[in-house]
Amino acid sequence: MERDEEKACDEALFAAAAAAGFTALTKGERRMLRGWRRGVAAQLGDATLPAAPGEGCLVRAGLIAWAVLRSNDPAAHPANRMHVIGAYIEGPIDLAGQRIRANLVLQRCRFTGPLIVSDAMTAGLDLNGSHIARDGYRGTSIDARHLRANGDVRLRDLICDGGVAMSGAEIRGDLDLSGSRFGKRRANFHGYEFEVSIGAPGAKIFGALNMLRPPKEGEMFAGALNLHNAEVNVLQDDPACWPKAGDLFLDGLRYRQIGSIKPGAADARERGRWLLLQPAHQLKAEFKPQPFEQLARVLKTTGHALEARRIGVLKQRMLRRAGRIPWYIRPFHWLFGLIAGYGYWTSRVLLWAALVVALGAGLYEAAWRAGVMTPAKPEALLSAQWGACVETAPDLTAACFLSAPPGEDYEPFNAALYSLDLFLPVVVLEQEENWSPTPHRGAEILGAPIGGWAWGYRFFHELLGYILSGFAIVGFAKLAERD
């Protein structure tokens, strides 16, 4: 009795389809309608991706659209899912602007035309393992512009002969592109004509954007991946899935976390390479700093402070290469990067300072031993003790002077303190005001006396002190500003 009732319900459904213009239902269409009425998956043919149409798998695209829209009335059809596996779908499925109550699940299906769900509202979309042809105008396989999906949009292991249009789409769940291969469509974006595989400017993905594995054959994207001004909660990707150089639009993309399960997902070198896949004009003449700033911000807030600083350094280098640093500042900008990492490695200034002070200390210790350091105060040079030492110890006059009164009461010389006194712009250690190298004394090296080299280096040493101190101040100020 129950079986007779089921059969009667099926016949009533077939009659309704015929009344809507779908006569001479194929075996595959009857099986699809039965499964849809019962709310179960309809496996057509051998449930694999069909290579050619057949009685057991051929389904008209219009019939699918009719059934899906019929599901909008729970009284007429309580099932809220259209689940078909292994169908050969003839013609384009056009659901543009429709409110779709049912989940549309078309797995391992071959589409001979595009899927059009622009401006539609749906519970979810699952096209895993399918193959979709492109239209003959712009080359679009899936038109999902301004789609509103309350669940996931699963496009895993999908082959699209053309591109996917998703500008302004809103997906409340995840967008999964793992293992898929996308063709390309012609697009015009901000005055640029280019070929895009997935165009999703302004799209919002409340879950994760998943690109965790490349397709089995070929590259994931034949054209560009346009994420301009898109918003994603979690970005999960694999470098093997990235488009080729020049085909990644990231300006305005906002995301809260890089949550890839792949090791090294937050590595600054890999992420830096990812940023450099953007179009050349957005890295040079029309440099876009936002992708660099966004990545650095996310890395820092998710506990990767070291990687965030490296991305900050990369941004500064790209600013200089793009000509965004005025030519008269460019040498100082380069030097600031070398010494302080553009303020991201301010502690490096202390290392440079220590090296310069140590170099100066070594040089002036050698100058002292060579006897070219002399008192800087006139009263010491005019004293009888100094005159006597000049006569008796011409090569070690300063040491002789300090060995007996009144020289033993004079400020003793210390090479390390003398180097530090020269180096620090505002600190006074009384070494510089009491001692100075004599330019014309000492053995000659490369045509000049040791005293001349020590005397000339003093000014360079002081200049390095001003430069490094200034870089330290600017670096710590930038560090405080970022914190």
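Whatever comes next refers back to the structure up there.
Conventions we followed
- Residues numbered from 1 in each chain as written.
- Predicted model: local features only at pLDDT ≥ 70, side-chain atom pairs only at ≥ 80, totals over all residues.
- Heavy atoms only, no water.
- Pairing = 2+ DSSP bridges.
- Helix = DSSP H or I, 4+ residues; strand = E, 2+ residues; numbered from the N terminus.
- Expected span 1.5 Å × (residues − 1).
- Buried < 20%, exposed > 50% of the residue type's maximum accessible area, 1.4 Å probe, protein only.
- Contact = heavy atoms within 4.5 Å.
- Core = buried A, V, L, I, M, F, W, Y, C linked by side-chain atoms within 4.5 Å.
- Patch = residues over 30% accessible without salt bridge, like charges linked within 9 Å, V, L, I, M, F, W, Y side chains within 5 Å.
- Areas by Shrake-Rupley, 256 points an atom, 1.4 Å probe, with all protein chains shown as cover.
- Salt bridge = Lys/Arg side-chain N within 4 Å of Asp/Glu carboxyl O.
- Disulfide = S-S within 2.5 Å.

Enquirer: Would you explain the pairing of strand β22 (residues 192–199) in this entry?
Expert: In regular strands, side chains alternate between the two faces of the sheet. Relative to β22, strand β17 (residues 163–165) is paired through 2 bridges, and the arrangement is parallel. Residue pairing for β22: Ala165 is matched across the bridge by Gly199. By the bridge criterion, 3 bridges tie β22 to strand β24 (residues 224–226) in an arrangement that is parallel. When the bridges of β24 are listed, Ile198 appears paired with Leu225.

Enquirer: What's the story with helix α7 (residues 305–321) in this structure? I'm lost.
Expert: Given 3.6 residues to a turn, an α-helix orients residues that are three or four positions apart in the same direction. Its 17 residues place the ends of α7 25 Å apart at the C-alpha level, agreeing with the 24 Å of an ideal helix rising 1.5 Å per residue. Within α7, burial applies to Glu307, Ala308, Ile311, Gly312, Val313, Leu314, Lys315, Gln316, Met318, Leu319 and Arg320. Buried residues along α7 sit in contact with α4 (268–275), α5 (280–283), α6 (290–301) and α8 (330–340). Two residues or fewer after α7 comes Gly323, characterised by a positive phi angle close to 80°.

Enquirer: What is the right way to look at the nonpolar core in this model?
Expert: Note that soluble globular proteins tend to have their nonpolar side chains buried in a common cluster. Counting 93 residues, the largest nonpolar core has Leu33 and Leu127 as the members making the most contacts within it. Considering every element that reaches this core, the biggest residue donor is helix α3 (residues 61–70), with 7 residues. When near neighbours in sequence (up to four residues on either side) are disregarded, Leu33 contacts Leu13, Phe14, Ala17, Leu25, Leu63, Trp66 and Ala67. Core analysis: the second largest hydrophobic core is formed by 35 residues, Ile339, Val349, Phe413 and Ala415 among them.

Enquirer: I would appreciate a short explanation of a nonpolar patch on the surface in the present structure.
Expert: Taken together, the side chains of Trp334, Leu338, Leu351, Trp352 and Leu355 make up a nonpolar region of the molecular surface, amounting to roughly 510 Å² of accessible area. Among the elements of the structure, α8 and α9 (347–369) are those that each provide at least two residues to the nonpolar patch. For the nonpolar patch, the element with the most residues is α9, which contributes 3 residues. On the secondary structure map, Trp352 appears in helix α9.

Enquirer: I keep staring at the state of the cysteines and nothing clicks. Help me out?
Expert: What makes a disulfide is a covalent bond joining the sulfur atoms belonging to two cysteines. For the structure shown, the criterion picks out 1 disulfide. Here Cys389 connects covalently by a disulfide to Cys400, the sulfurs 2.2 Å from one another. The chirality of the disulfide connecting Cys389 with Cys400 is left-handed, given an S-S dihedral of about -75°. Of this pair, Cys389 sits in helix α11 (residues 384–392) while Cys400 sits in helix α12 (residues 397–402), and the two are 11 residues apart along the sequence. Overall, Cys389 belongs to the buried group, its relative accessible area being 1%. A disulfide-free cysteine, Cys109 has its sulfur positioned 9.5 Å from the sulfur of Cys57, the nearest such atom. The class for Cys109 is buried, based on a relative accessible area of 0%. Its sulfur unpaired, Cys160 is 13 Å from the next cysteine sulfur, which belongs to Cys109.

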